[in-house]
2 protein chains.
Amino acid sequence: MQGPFERQAKTMLRKAGIEVGGTRPYDIAVHDSRLYRRALLHGSRGLGEAYMDGWWDCEALDELFYRIRAQRKESKDPRRMALWFTSKVSNLQSIELSREVAERHYDRGNDLFIAMLDRRLTYTCGYWKEAANLNEAQENKLKLVCDKLALRAGQRVLDIGCGFGSFAKYAAEQYGVSVVGVTISKEQVVLGRKLCAGLPVELCLLDYREVREKYPEPFDHIVSLGMFEHVGRKNHALFMGEVATLLKDEGLFFLQSIGGSGGINPWINKYVFPGGQIPSAEHIVQAAGRRFIIEDWHNFGADYDTTLMAWHRNFVEAWEKLQSSYDERFKRMWCYFLLSCAGSFRARRNQLWQIVFSKHGVPGGYRSIR
Amino acid sequence: MQGPFERQAKTMLRKAGIEVGGTRPYDIAVHDSRLYRRALLHGSRGLGEAYMDGWWDCEALDELFYRIRAQRKESKDPRRMALWFTSKVSNLQSIELSREVAERHYDRGNDLFIAMLDRRLTYTCGYWKEAANLNEAQENKLKLVCDKLALRAGQRVLDIGCGFGSFAKYAAEQYGVSVVGVTISKEQVVLGRKLCAGLPVELCLLDYREVREKYPEPFDHIVSLGMFEHVGRKNHALFMGEVATLLKDEGLFFLQSIGGSGGINPWINKYVFPGGQIPSAEHIVQAAGRRFIIEDWHNFGADYDTTLMAWHRNFVEAWEKLQSSYDERFKRMWCYFLLSCAGSFRARRNQLWQIVFSKHGVPGGYRSIR
């Protein structure tokens, strides 16, 4: 006999075209009927935790989430709303709290990232316009960033949230610039320094709020790729202020960020990115304020779907090697992360924005490229 | 002997590198020393009116304003602040008040616009990327709009603020679409209809708030080129709401607008565009809200400098023919308008934004072009 939770959950799923016990790849198989209660009472966090615990399965999680997200319903999950409210009143991404995502996510183990990412270890969205595979998509993305900045040999560039230094290495090698990269992940600095050895690249363990003290001289250009998602609304304007101070008057600030409705996903927040908050367009524009002029704004969010699916393929293929260091629950968690995000980008509920800002307008005009 | 106004004005000009009585094209010649008092007490409106009255001259007004605007000082002109405040509390662009700019500016006389504009009568910024002259720049701009929308034969497009129908004509001729164009200028409708005769183009005298009643069926795409500047902050969200209602779910909304700090220039407001208010990026993004996803944002503000200079050249060359219908004070006013705006775009204080919005994200991603 079906309880009220089961009935309600099945009705919701049916509206999205999903059948419990169905045979299509995006239908779900329920192994433990406590799932319905957990998902309805605990929202997206309950659903994700139930998946990690093996209470349900789905052959194509990406397609499942695509169908759910394509319904364009804003979640009324109380945990989501509580997190959103908390982010308004307290600073969840202070220097101290920020260290959590570094330790819990980015320092999780370089073996994982080496297995999953492209050969340059670029942990942000690739640019698939003319790419046949992940390596090309990431190389094309790095080239796109450099070309949008029109980098010239001898320039000095700051990269806030440099990861394993893939941008720094590419820009130094191909464009002859020198790069200072900062990250708060120890593992990234250690491996990144090895990868960039011999190049005019300096990678440092520094929070963006600490850069000015160590590097008081303004940079020719500043890039930040896939880091603004960790800044948090309480610090958006502070971040922009730091960038403006660190940037020469005639320099460009290149911001790449995921975009969304400005909310916080409780499951992602607990298991993947503590303190993460996808900014909305309004968050970004408000934070930029009068400090910056928008010269160019490029959205290729659908490319994150392709990128995440490629990471997922690499991860699954490497699982045999990885399983000595990670358990089955981690595997389910990681796949859930990659595929639910892919579905969300496929439904265009999340965006990938590359924005070029200038401080006072490029004289004669900025010529944007694609 | 210099009075306090003269001393203060000269000090301010000197800071911008401008000399009273100097010999460079951007230096100014003062014919009536009451100028200083008028400009200091009445701000930009006093300065402009004094020019119209022949109290001062400058060989290259565009270069003069470029130098003033490049100083990046926000005007503390009390009239400007009063207008800004008024725009916050009252609706300066209601359906009734909006008619003023139609009658006072756009209905001023088609002879003027025919003399000044390109051969298609496009009264918005041209796209000079690969253009040798104004005709090419406007044709390239119209092509850019159509290509950014990826128009296909048989589609039905709404143009809000259609002017003389240059976009409607081009899109219908070159892309096989049908166009409904609305404007509140009687003169534009009369001439526009003649120019579009024989094409599937319907030009109507309608306010954007009245379109839905006459055309309840949603359009495939909507464009608005150089009209949002007249909407006013009190109506920005209403405008976006009307567009969202008039647009099919899978359609694109193409917005071209001048961008700035969101203020109102008192001289422009009195003599050129009553009710005009250049939106800021924040105004636009806030008004779009959750109705639209930003797919692409292109800034080619420096091209408005080139466009305005071309219009000025055409106007001056045609003056001999025009002077039977317009007086000398009008000529000075019109040149002051074109050249002061050119200087402002040259200093990058104003932007020209083309923004592509979708309602729910283009499936598979929007591919932007330049």
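Owing to the predicted nature of the structure, the values given are computational and were not obtained by experimental measurement.

Caption draft 1: Structural view of the relation of the copies chain A and chain B. Rotating chain A by 180° and translating it 0.0 Å along the rotation axis places it on chain B, where the RMSD comes to 0.0 Å. Such values leave the two copies arranged in the relation of a two-fold axis. Across chain A, the smallest distance between a C-alpha and the rotation axis is recorded for A:Trp297, namely 2.3 Å. A share of 97% of interface residues in chain A that are also interface residues in chain B marks the association as one of identical surfaces.

Caption draft 2: Up close: the interface of chain A and chain B. In this complex, chain A contributes 35 residues to the contact, which on the side of chain B involves 34 residues. Interface area for chain A against chain B, summed over the two sides, is near 2,700 Å², with a carbon-plus-sulfur share of 47%. If you sort the residues of chain A by the area they bury against chain B, A:Trp297, A:Arg348 and A:Arg367 come out on top, with a joint share of 20%. Scanning the region where chain A abuts chain B turns up six salt bridges. Of the charged contacts in the structure, one is a salt bridge between A:Asp303 and B:Arg367, with a shortest N-O distance of 3.1 Å. For the interface between chain A and chain B, the tally reads 20 residue pairs in polar contact (both at pLDDT 80 or more).

Caption draft 3: The arrangement of the pairing of strand β7 (residues 247-259) of chain B in detail. Residues and elements named next belong to chain B. β7 sits mainly inside the fold: 10 of its 13 residues count as buried. Two strands pair when backbone bridges link them, and strand β6 (residues 219-225) and β7 are joined in this way by six bridges, in the parallel orientation. Note that in β7 the partner of Val 223 across the bridge is Phe 254. This β-α-β element, β6 to helix α11 (residues 236-246) to β7, shows right-handed connectivity. Pairing analysis gives eight bridges linking β7 to strand β9 (residues 351-358), with the strands arranged antiparallel. If you follow Gly 259 over to β9, its bridge partner there is Gln 351.

Caption draft 4: Summary view of the pattern of salt bridges. Considering all chains together, one arrives at 54 salt bridges over all chains under this definition. B:Asp57 is the partner of B:Arg332 in a salt bridge, and the nearest nitrogen-oxygen pair spans 3.1 Å. On the criterion of sequence distance, the pair formed by B:Arg332 in helix α15 (residues 328-346) and B:Asp57 in strand β2 (residues 56-58) is long-range, its members being 275 residues apart. When its relative accessible area of 15% is taken as the criterion, B:Arg332 is described as buried. For B:Asp57, a relative accessible area of 26% gives the class partly exposed. Across the pair B:Arg67 and B:Glu63 runs a salt bridge whose closest N-O atoms are separated by 2.6 Å. Of the two residues, B:Arg67 and B:Glu63 are both situated in helix α3 (residues 61-69); the distance of four residues between them amounts to about one turn of the helix. Each member of the salt-bridge network shares a partner with another, and the members are A:Arg38, A:Arg45, A:Glu49, A:Asp53, A:Lys270 and A:Arg329.

Caption draft 5: Structural context of the pairing of strand β8 (residues 293-299) of chain B. Among the seven residues that make up β8(B), seven are buried, leaving the element largely enclosed by the rest of the structure. Pairing analysis gives three bridges linking strand β8 (residues 293-299) of chain A to β8(B), with the strands arranged antiparallel. Considered in β8(B), the bridge of A:Asp296 is made with B:His298. In this structure, β8(B) lies alongside β9(B), joined through six bridges in antiparallel fashion. For B:Ile293, the partnering residue across the bridge sits in β9(B) and is B:Ser358.

Analysis parameters
Residues numbered from 1 in each chain as written. Chains lettered and ligands numbered in written order. Predicted model: local features only at pLDDT ≥ 70, side-chain atom pairs only at ≥ 80, totals over all residues. Heavy atoms only, no water. Least-squares fit on C-alpha atoms with pLDDT ≥ 70 in both. Contact = heavy atoms within 4.5 Å. Buried area = accessible area lost by both parts, 1.4 Å probe. Salt bridge = Lys/Arg side-chain N within 4 Å of Asp/Glu carboxyl O. Polar contact = N/O pair within 3.5 Å; in protein donor to acceptor, adjacent residues only side chain to side chain. Buried < 20%, exposed > 50% of the residue type's maximum accessible area, 1.4 Å probe, protein only. Helix = DSSP H or I, 4+ residues; strand = E, 2+ residues; numbered from the N terminus. Pairing = 2+ DSSP bridges. Right-handed = clockwise from strand over helix to strand, strands pointing away.

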